[in-house]
Amino acid sequence: MSKAIKFRVYLVALIICIIGFMFSPVSSQFYTNPFYIGSFIFAITLIVNVINYFCPKCKKNQVMQSATSYRLPKNECYHCGEEIN
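Now for a look at the structure at hand. (Residues numbered from 1 in each chain as written. Predicted model: local features only at pLDDT ≥ 70, side-chain atom pairs only at ≥ 80, totals over all residues. Heavy atoms only, no water.)

A look at the environment of Ala4
Along the polypeptide, Ala4 turns up in helix H1 (residues 3–23). Since its relative accessible area comes to 5%, Ala4 is described here as buried. Taking the C-alpha atoms as reference points, Ala4 and Asn49, separated by 45 residues in sequence, lie 9.9 Å from one another. Leaving out residues up to four positions away in the same chain, Ala4 has contacts with Tyr53, Pro73, Lys74 and Asn75. (Helix = DSSP H or I, 4+ residues; strand = E, 2+ residues; numbered from the N terminus. Buried < 20%, exposed > 50% of the residue type's maximum accessible area, 1.4 Å probe, protein only. Contact = heavy atoms within 4.5 Å.)

What follows is the structure, encoded as structure tokens:
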């Protein structure tokens, strides 16, 4: 599986966990909810993937353009066209 597809799968899993947590019943021990735990795991995984998603040729990040601008990665570099895998 390519890095771009893994990134999108983790993003969809995070969104599903967030929506699942919103619809789960409220309890005093919310931190034992699997959606709550899954949200943290997928969020940390996505942050690590965003930081480490570079083109091997031009060394530019494929997800973060700036502190406020992000984009979904694809299999080719946005800057030089090199295939990323």
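Quick word on the side chain of Asn61
Within the secondary structure, Asn61 is located in the segment after helix H2 (34–52). A polar side-chain atom of Asn61 sits 3.0 Å from the main-chain carbonyl oxygen of Val50. Polar contacts involving the side chain of Asn61 include one to the main-chain amide nitrogen of Met64, which spans 3.2 Å. Every residue in contact with Asn61, bar those within four places of it in the chain, is listed here: Val50, Ile51, Tyr53, Phe54, Arg71 and His79. (Polar contact = N/O pair within 3.5 Å; in protein donor to acceptor, adjacent residues only side chain to side chain.)

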